[in-house]
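# Residue-level structural notes
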2 protein chains.
Amino acid sequence: MDIEIKKILLDHKEYADKQVTIKGWVRNNRAQKEFGFIDLNDGTAFESVQVVYEDKQLENFREVAKYNVGSALTITGRVVLTPKMKQPFEVKAETIVLEGDSQEDYPIQPKRHTREFLRENAHLRPRTNLFNAVFRVRSVVSFAIHKFFQERNFVYLHSPIITASDAEGAGEMFQVTTLGNTKVEEGHKNDFFGKKANLSVSGQLQAEAFALAFKNVYTFGPTFRAEKSNTSRHASEFWMIEPEIAFADIHDDIQLAEDMIKYTIKDLFEQCASELTFFNKFVEKGLIEKLKNVLDSSFKRITHKEATDILVKNNDQFTIKAEVGEDLATEHEKFLTKYFNGPVFVIDWPKDIKAFYMRMNDDLKTVAAMDLLVPGAGELLGGSQREERLDMLEKRMKEMNVHDEDLWWYKELRKYGGNKHSGYGLGLERMIMYVTGVDNIRDVIPFPRTPKNCEF
Amino acid sequence: MDIEIKKILLDHKEYADKQVTIKGWVRNNRAQKEFGFIDLNDGTAFESVQVVYEDKQLENFREVAKYNVGSALTITGRVVLTPKMKQPFEVKAETIVLEGDSQEDYPIQPKRHTREFLRENAHLRPRTNLFNAVFRVRSVVSFAIHKFFQERNFVYLHSPIITASDAEGAGEMFQVTTLGNTKVEEGHKNDFFGKKANLSVSGQLQAEAFALAFKNVYTFGPTFRAEKSNTSRHASEFWMIEPEIAFADIHDDIQLAEDMIKYTIKDLFEQCASELTFFNKFVEKGLIEKLKNVLDSSFKRITHKEATDILVKNNDQFTIKAEVGEDLATEHEKFLTKYFNGPVFVIDWPKDIKAFYMRMNDDLKTVAAMDLLVPGAGELLGGSQREERLDMLEKRMKEMNVHDEDLWWYKELRKYGGNKHSGYGLGLERMIMYVTGVDNIRDVIPFPRTPKNCEF
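Structural notes, computed from the coordinates. (Residues numbered from 1 in each chain as written. Chains lettered and ligands numbered in written order. Predicted model: local features only at pLDDT ≥ 70, side-chain atom pairs only at ≥ 80, totals over all residues. Heavy atoms only, no water.)

Per the secondary structure count, chain A includes 13 helices and 16 strands. Taken along the three principal axes of its C-alpha coordinates, chain A extends 85 × 55 × 45 Å. Considering only residue pairs separated by 6 or more positions, chain A has 66% of its internal contacts joining residues 24 or more positions apart. As displayed, chain A offers around 18300 Å² of accessible surface, 47% of which is attributable to carbon and sulfur atoms. With 63 positive and 71 negative side-chain charges, chain A shows a spacing of 3 Å between the two charge centroids. (Helix = DSSP H or I, 4+ residues; strand = E, 2+ residues; numbered from the N terminus. Contact = heavy atoms within 4.5 Å. Areas by Shrake-Rupley, 256 points an atom, 1.4 Å probe, with all protein chains shown as cover. Lys, Arg positive; Asp, Glu negative; His and termini not counted. Charge placed at Lys NZ, Arg CZ, Asp CG, Glu CD.)

Residues and elements named next belong to chain A. On inspection of all chains with the given rule, the structure shows 57 salt bridges over all chains. Residue K56 is joined to E54 by a salt bridge in which the shortest nitrogen-to-oxygen separation is 3.7 Å. Judged by relative accessible area, E54 falls into the partly exposed class, the value being 26%. Taking the shortest distance from any N to any O, the salt bridge between E394 and K411 comes out at 3.6 Å. (Salt bridge = Lys/Arg side-chain N within 4 Å of Asp/Glu carboxyl O. Buried < 20%, exposed > 50% of the residue type's maximum accessible area, 1.4 Å probe, protein only.)

Another aspect to go through is the sheet that holds strand β1 (residues 19-31) of chain B. Strands sit in the order β1-β2-β3-β5-β4 (chain B) around a closed barrel of five strands; the barrel is mixed. Each strand of the sheet is rotated relative to its neighbour by a mean of 55°, with strand direction disregarded. (Pairing = 2+ DSSP bridges. Axes fitted to C-alpha atoms, helices over the stretch in contact; angles between N-to-C directions.)

Before going further, it helps to examine helix α10 (residues 330-340) of chain B. Residues and elements named next belong to chain B. Taken together, the buried positions of α10 are occupied by H332, E333, F335, L336 and T337. Tucked inside the fold, the buried residues of α10 contact β12 (300-303), α9 (304-313), β13 (344-350), β14 (366-374) and β15 (378-385). Positive phi appears at N341, one or two residues downstream of α10, with a value of about 55°.

Once that is clear, we can look at the interface of chain B and chain A. Tallying the contact residues gives 112 residues for chain B and 113 residues for chain A. At the boundary of chain B with chain A, total buried surface from both sides reaches about 9400 Å², with 62% on carbon and sulfur atoms. When the buried surface of chain B facing chain A is broken down by residue, B:H158, B:F192 and B:Y416 rank first, second and third, together holding 9% of it. At the surface where chain B touches chain A, the tally comes to six salt bridges. One salt bridge connects A:D42 with B:K215, and the closest N-O pair in it is separated by 3.6 Å. Its residues placed into classes, the side of chain B that touches chain A shows 49 nonpolar, 35 polar and 28 charged. Pairing of strand β8 (residues 175-177) of chain A with strand β8 (residues 175-177) of chain B involves three bridges; the strand directions are antiparallel. Of the residues in β8(B), the one forming a bridge with A:T177 is B:Q175. (Buried area = accessible area lost by both parts, 1.4 Å probe. Nonpolar A, V, L, I, M, F, W, Y, C, P; charged D, E, K, R; others polar.)

With an RMSD of 0.0 Å, chain B superimposes on chain A once it is rotated by 180° and translated 0.0 Å along the axis. Here the two chains are linked by the operation of a two-fold rotation axis. A shared binding surface is used by both copies, with 100% of the interface residues of chain B retained as interface residues in chain A. (Least-squares fit on C-alpha atoms with pLDDT ≥ 70 in both.)

Residue and element names in this part refer to chain B. Mapped onto the elements, T76 comes out in strand β4 (residues 72-81). At 2.9 Å, the side chain of T76 and the side chain of T21 are in polar contact. Residues within four places of T76 in sequence aside, it is in contact with Q19, V20, T21, K92, A93, E94 and T95. (Polar contact = N/O pair within 3.5 Å; in protein donor to acceptor, adjacent residues only side chain to side chain.)

Next up on the list: the pairing of strand β3 (residues 49-54) of chain B. Residue and element names in this part refer to chain B. Among the six residues of β3, five are classified as buried, and the element is accordingly described as predominantly covered. Summarising the sheet, strand β2 (residues 35-41) and β3 pair through six bridges and their orientation is antiparallel. Each bridged residue has a counterpart across the sheet, and for F35 the counterpart in β3 is E54.

Here the focus is the packing of helix α8 (residues 287-296) of chain B against helix α13 (residues 428-436) of chain B. For any two helices packed against each other, one specifies the crossing angle of their axes together with the interaxial distance. All names here are of chain B. Here α8 crosses α13 at 120°, and the two axes come no closer than 8 Å. Comparing the axis directions of α8 and α13 gives the class oblique. Mapping the contact onto sequence places L287, K290, L291 and V294 in α8 and Y434, V435 and T436 in α13. Partitioning the contact of α8 with α13 into residue classes produces five nonpolar, one polar and one charged. (Parallel < 35°, antiparallel > 145°, perpendicular 65-115°, else oblique.)

Moving on, we get to the packing of aromatic side chains. Using the criterion set out here, one finds 63 aromatic pairs over all chains in the structure. Aromatic side chains A:F210 and A:F214 sit 5.8 Å apart centroid to centroid with 35° between the ring planes, which places their arrangement in the tilted category. Residue A:F210 and its partner A:F214 are located together in helix α5 (residues 204-214), separated by four residues, close to a single helical turn. Measuring from ring centre to ring centre gives 4.9 Å for B:F192 and B:F193, while their planes differ by 75°; the resulting arrangement is edge-to-face. Using a relative accessible area of 1% as the deciding quantity, one classes B:F192 as buried. Looking at B:F193, the relative accessible area reads 3%, which means it is buried. Here a set of aromatic residues connected by ring pairs shows up, and it is made of A:F131, A:F135, A:F447, A:F456, B:F210, B:F214, B:F356, B:Y357, B:W408, B:W409 and B:Y410. Stacked on the ring of A:Y434, the Lys or Arg A:K290 has its end atom at 4.1 Å from the ring centre. (Phe/Tyr/Trp six-rings, centres within 6.5 Å; stacked < 30°, edge-to-face > 60°. Lys NZ or Arg CZ within 6 Å of the ring centre and 35° of its normal.)

This paragraph deals with the pairing of strand β15 (residues 378-385) of chain A. Residue and element names in this part refer to chain A. Summarising burial for β15: six of the eight residues are buried, a large majority. Two elements, strand β14 (residues 366-374) and β15, share six bridges in a ladder whose sense is antiparallel. Opposite A369, over in β15, you have S384 as the bridge partner. Hairpin connection from β14 to β15: three residues lie between these consecutive antiparallel strands, with G376 at a positive phi of about 90°.

What follows deals with the sheet that holds strand β4 (residues 72-81) of chain A. Residues and elements named next belong to chain A. Taken together, the five strands give a closed barrel; going around it, the order is β1-β2-β3-β5-β4, and neighbouring strands pair in mixed fashion. Between one strand axis and the next, the sheet turns by 55° as a mean value, whatever way the strands run. Sheet analysis places strand β1 (residues 19-31) next to strand β2 (residues 35-41), joined by six bridges and oriented antiparallel. Of the residues in β2, the one forming a bridge with N29 is I38.

Here is the structure:
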């Protein structure tokens, strides 16, 4: 019977003394004269299974003993419980068939490799413990986020990737063209879309259009930044989740974000216990406690003014001095999460450091924006209530020099039943880094894109 | 109590005579002297709710009577069962509050609009019955596909959008650049990624790398074609689902595809009964029967040779004459699904009309490829077993003039435990068109991109 290793692991007593057929790749092969051990991993679980093979049992014992790490095998054998060992069972091989051999220079040997080396072998690195765990967690977290919104009857919206507007002014954009060897700037009229086209930095504006029809919607898709910043927290291509909710103010928005974060972490504990244990041991000590604390805490909510008041009193601890009305530096974010010993929503930000579409508060100085700061990672997500008053929106667009010819439709949303609505954006990679402890964004993206790096 | 209209609809007897607060947008407002009717839709369900309001009850009766279509309202009232009417209940308004007014020139009036007009108002069209139904179905189908794979322990992989290789040779690609006003072709070294970069046409090759680590994986993301074909079935930007399974041959691949299609349609019947009834009545008569037939049928499997033999015998019926060894035209695909009265997998295609990575059959003339043809829509998905033998792969790459310097890593997968594996690609839009009956791809994408069209 063909069976996934995950299924045996979940219920190994059920399989005691039964014959199973497992198919996977050799992580390690240690042969002695009359017997040997293979660690076989089939990718369905974090754990490998130890297979014992013996000369007296296998016709091809001598060949098996030479199989290189990385080889693909089909192994039929019996499950033997080993209650005194570290692994609860092993498989005693009856037949071993080579499905795909591996050459001796296989780069992923059973030893420690640097993260840099593994990035250069991004096509093979999911075969290591670390990346097996990271990319399964990425998959599980992605699906948990979908479940969270779908269970709440949100409509999943595919916002466009190619766009003609740099709406948010969120940074440099990649241009999309088919002009090839003619001058791009001169030829927009002749280009594929008849105008300048870019890769989207956010699906929010389009999500707003859908929220004003479906009430509750979310996007889940790739977004792009063409900034030449080579940091461990920035990639040129990354995935964002952007819910948008109508008839909802900034406080509803905050509650949704808190519920989503907790739901996702809870689901992760249920689905990926082995992976979290591994990260806790080898990547970030205290990770599990950190995540449990998030589940148990009620997220603090303070205004930007309250936050900076606290920071100013502690300015002797900062390289960059905090100031009321100014943006928060990373060290300030860290201080605040320590100060409150848990996640903190900072709301009501000075209008001048936030985007044009955020709703003006009655003080005419701050906007109904929110950032969620979490211990260890700083800003995890950001959002706002949207300006639904057309006159206020147009004023802000003018002040902030936003080209409005591309946004006629966005303004129209305010003319036709444009009521109160809010939303936020979560960077998937930030979330994966937070829940795994992996500190470089290049190590949570299957094939990362950064300046001068577009291999694979 | 704030409540979604969907919840009242699901359980309207529970809410009989109870007070509810609903929030949504006016689809229609018909006022008489002493009372009026508002059709309110809140986007959580296909159906609107009829609200009755009376002068004697409402202080603001005169204003309410003038609210334009499209206005956003909060309505508190009592649920009254109306067993003799078409709708099972209505809401008798106690208070009506205007949350966002709508101007008189609101484009989406309660009358029939052309699809072309609605495309020009893509920001407002989800407020119509048709697009409310289409985009909810798109969301439900997307999630059903995720559920199908996640329940089977597949790992969801985000394959890269920006890529340096035109691996499949699948057609013209969009170029991604930050060079702006310098000549793009001359400047690849100076461009953002230090080389020519394009928008991906498929995540398959990267999915293969992950399948050879995780066994079963899938992608779900946007893909791009820069072909200037303005047809009702082609868009420049569309979403693909690409599962890839290791230790699996073409027959396992076919079984997976059949199971996925059936699972998705079954889920759709459970989640979107109202929407399917609407499509069946107004978009494609016989749709529901067509989809039920798919659920009940076992998909036929024939070779390309068998298919063309049948077609050649019926060549008097075709404009394009069928030939053994040649590709199938749309009319041939339609004939075959009629001939077998249901979905048909065509396998073992002539190598010269298929991609380089498909596995050569023992006859050295055909490859282990499969296309699924469905009644009404022709090709719904296509896939293949992949060539895992390095020497055969390299021979095919040479014959088909595939640049292999970009694909060193893809070839390496064959050197290191590269065993039998297979996969397929499903175009999400094709699937949505098939299950809704909507015949233009522009009408199943929230904000479609086609040549000379990049609005919103």
